[in-house]
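Below, each chain spelled out in residue letters.
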Amino acid sequence: MKREAISAIQFERDPVGSPTSGASMNGTPFKKDRASPGYEIGGNTNMGVNGSTGQENMRNATSSSSSVIDALMEMEARVNQEMCNRYRRSQIFNMNGNGEANGAQVDPVLQQAAESTGSSAFAPPNRPCTTEDLNEISRTTLLLMVEWAKTINPFMELSMDDKIILLKNYAPQHLILMPAFRSPDTTRVCLFNNTYMTRDNNTDLNGFAAFKTSNITPRVLDEIVWPMRQLQMREQEFVCLKALAFLHPEAKGLSNESQILIRDARNRVLKALYAFILDQMPDEAPTRYGNILLLAPALKALTQLLIENMTLTKFFGLAEVDSLLSEFILDDINDHSTAPVSLQQHLSSPTTLPTSGVSPLTSGVGSVGSVSSGLTPTGMLSQTLAAPSAIHPLQKQADSLLNGNFILEAKPPMLE
Amino acid sequence: MNIYRTPYTISDLRPHDFRNFRGLLRHDFVILFDYATRFPEFSSFTSHERNMFYRLILAVDFVLSSSFYSYKIGQAHRQMILTNGEFLCMDPLPMTGNEPNARQYFESEEDFSKYQSLMPLNIAIWEESIVPFARLNPTFEEFCLLKALTVWHVTYYKFTESGREKCRRQRNIIIDCLSKICHNQGANGENRIGELLMSMNYIMQSTQRLTKHYIMLTFFDVLNCDAMLHEMLTFKY
């Protein structure tokens, strides 16, 4: 069946160049010179002549792959914790317009829901998304994305320009991926702030959000959410997909050195993902691996749509485009005269998410170091965002995280 | 038989003539229709699905075949090889026509306008797809499978439910086959498959760019296109 598929796909312009000719089609390996600097063969998983050496290599490879995924999972958990802390508390305490908790009006239903969903990233969505919700959640998501990116090796080794290129390339995908994975079905996209967007949920939104969501939400549901649900994508696979979308060596403008570093890191994630799938579902590993990776092109196509929508929204003045969104998604990457100042400032500061002692994305087997016990995720994030230079001059005070709307008091360390 | 597994040899190539360039011509459509009909289950598609499938093959072929030819026979001289056997020197990158005083290099306004319409697209495809694709050093078999997979994937959401079922089936077969080939070639086969599949990101991006650009070109009648190309681009879902 598979050979028929190959033979049927004839190379159209060369009737002589039938794909059925040549030794490669019957499984016999053929040599191919791959001297390209960006492509590596071999590596640390070569099977030795001695079986024990080969087994040791396999164990090392499996261990290395597992540590990559473990570290990505840990970073994801920290980001989710930040989101949880922010939005779950906002549901428990009925906030007034100034963001001050109104203890007399604690909603018991919401409190119970929040407490009962201690293991989930967010409480069940309970109301449709508004324009303000969309702006606010996008901003928070992007800020946390920067912190997450800082923990991905070799991001911090890159030049500032290359960091910005990577972030700008990934930001729209992040805005789509994060809620898509958390959405339980294909009827609505659930956001971290306990709101949701349905396919037809654009009647209550103003021009900006309507423009932004009307033609994207159905496609996100069909092209991202549905395949994820059909595959029953696991969290481990999702974090790998995120990392792969982020580590894009072909992003326009990257320096050659950065491309090599990023390609190496991406290869490690690819290897880790395949090893995980092979361990979980050995029979269908190749097709599952391929189907997960096929989400990436669909995601990229949707980000183009997102960028177009926002560009037109800003151009026609349909609504105010959030300044951070504008920096990430709309500003010209190559126009350094309008370099995103606040973004550079965020990147210059150390990460606020606890990092492992050893990055799992470096070569060889690495062990995940212990989390720094003296800092809490919320406290660290607040410190980063609380720096005066981190606040964009156009940001409204009411929207600022600095004024303590959703910042909790210092909590005990997560790991002791 | 051509050792490069391309329809052209280096001696067949000729410089790109933007003045007389008209996009895809009648014989291109015939060749690609023949290609389309060879796809498994093509004959079982609905008329609408066949239409969509064929149209998107045209776009994918333009980008991917050009990328493969450029890699095989254009790399040495940094040339972009178009599917019609014409080449564009890309080192240094040609002007886009949007530079100050670019008009002075052209004899007529019509030439200038046509150059401005075509060259930025070629440069974008070169930078976006052809250069990274060449870096992959794809084999002929990988190229064939990748092109077929890209066609199936890019048409997936245009299909009815039964069409999508066929698409999923064919995609899985191709992925399985690609996996076997890559693992047979040596260690790190999973990396190789991953790289090939991730290359679909920029290939599909270029395909989308190409389609939109040609819709504009035909709408404003910049190219003296074949009537078939007009029909391809004005098809309604």
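Cut-off values and rules
Starting afresh in each chain, residues are numbered from 1 along the sequence in its written order. By the order in which they are written, chains take letters starting at A while ligands take numbers starting at 1. With pLDDT at 70 or above as the cut-off, local features in this predicted model cover only qualifying residues; side-chain atom pairs require 80 or more to be listed or tallied, and sums for whole chains, interfaces and linings still use all residues. Hydrogens are left out, water is left out, and the side-chain values use all remaining heavy atoms of the structure. UniProt positions are given in the numbering used here, feature names are shortened, and annotations may be inferred rather than shown by experiment. Secondary structure elements follow DSSP: runs of H or I no shorter than four residues count as helices, runs of E no shorter than two count as strands, and numbering proceeds from the N terminus. Between buried and exposed lies partly exposed: a residue is buried under 20% and exposed over 50% of the maximum accessible area for its type, with that area taken using a 1.4 Å probe on protein chains only. Note on contacts: a residue pair qualifies if any of its non-hydrogen atoms lie within 4.5 Å across the two residues. Two strands are counted as paired when DSSP detects at least two bridges linking them. Interaxial angle, 0 to 180 degrees, is taken between N-to-C directions of lines fitted to C-alpha atoms, where a helix line uses only the stretch in contact. Under the pairing criterion, centres of Phe, Tyr and Trp rings, with the six-membered ring standing for Trp, must be within 6.5 Å; the plane angle then separates stacked pairs below 30 degrees from edge-to-face pairs above 60, leaving the rest tilted. Whether a charge lies above a ring is judged from NZ of Lys or CZ of Arg, which has to be within 6 Å of the ring centre and within 35 degrees of the ring normal.

Going by an unreviewed UniProt entry, chain B carries the name NR LBD domain-containing protein and comes from Caenorhabditis japonica. Entered under Sequence similarities (unreviewed entry) in the UniProt record, the comment concerning chain B runs "Belongs to the nuclear hormone receptor family."

Looking at an unreviewed UniProt entry, chain A carries the name NR LBD domain-containing protein, with the source organism given as Caenorhabditis japonica.

1. Concerning the overall build of chain A
A count of helical and extended segments in chain A gives 14 helices and 5 strands. Burial analysis of chain A (416 residues in total) assigns 53% to the buried set. Pairs at least 24 residues apart make up 73% of the contacts formed inside chain A by residues separated by at least 6 positions.

2. Regarding the sheet that holds strand S2 (residues 79-81) of chain B
Picture the strands of a sheet paired through backbone hydrogen bonds; they go either parallel or antiparallel. Residues and elements named next belong to chain B. Ordered by their spatial adjacency, 3 strands build an open sheet running S1-S3-S2, and the pairing between neighbours is mixed. With partners counted over all chains shown, the strands left at the sheet margins are strand S1 (14-15) and S2, one partner each. Judged from the 2 bridges that link them, S1 and strand S3 (residues 86-89) form a sheet pairing that is parallel. Each bridged residue has a counterpart across the sheet, and for Pro15 the counterpart in S3 is Phe87. Its contacts with the sheet place helix H3 (residues 109-135) against S2 and S3, and it is angled at close to 100 degrees to S2.

3. Digging into unusual backbone geometry
Most of the time, phi is negative for any residue but glycine, and the peptide bond is trans. Backbone torsion omega between Asn153(A) and Pro154(A) reads 10 degrees, so that peptide bond is classified as cis. As for its position among the elements, Pro154(A) is in the loop between helix H4 (131-150) and helix H5 (160-182). Look at the link from Asp91(B) to Pro92(B): it is a cis peptide, with omega at 0 degrees. Tracing the chain through its elements places Pro92(B) in the loop between S3 and H3. Residue Arg78(B) is not a glycine yet carries a positive backbone phi of 55 degrees. As for its placement among the helices and strands, Arg78(B) is situated in the loop between helix H2 (47-74) and S2. On the basis of relative accessible area, Arg78(B) is assigned to the partly exposed category, the value being 36%. Although it is not a glycine, Asn101(B) sits at a positive phi angle of roughly 60 degrees.

4. What to know about the packing of aromatic side chains
For the structure shown, the criterion picks out 27 aromatic pairs over all chains. On the numbers, 5.3 Å between centres and 65 degrees between planes, the contact of Phe45(B) with Phe53(B) is edge-to-face. Note on Phe45(B): relative accessible area 3%, which makes it buried. Using a relative accessible area of 0% as the deciding quantity, one classes Phe53(B) as buried. Judged by centre distance (4.2 Å) and plane angle (5 degrees), the ring pair of Phe68(B) and Phe143(B) falls under stacked. Here Phe143(B) lies in helix H4 (residues 140-155) and Phe68(B) lies in helix H2, a separation of 75 residues in the sequence. An aromatic cluster is present here, built from Tyr35(B), Phe39(B), Phe42(B), Phe45(B), Phe53(B), Trp152(B) and Phe159(B) joined pairwise through their rings. The side chain of Lys242(A) reaches across the aromatic face of Trp148(A), ending 4.4 Å from its centre. Between the NZ or CZ atom of Arg171(B) and the centre of the ring of Tyr156(B), over which it lies, the distance is 4.5 Å.

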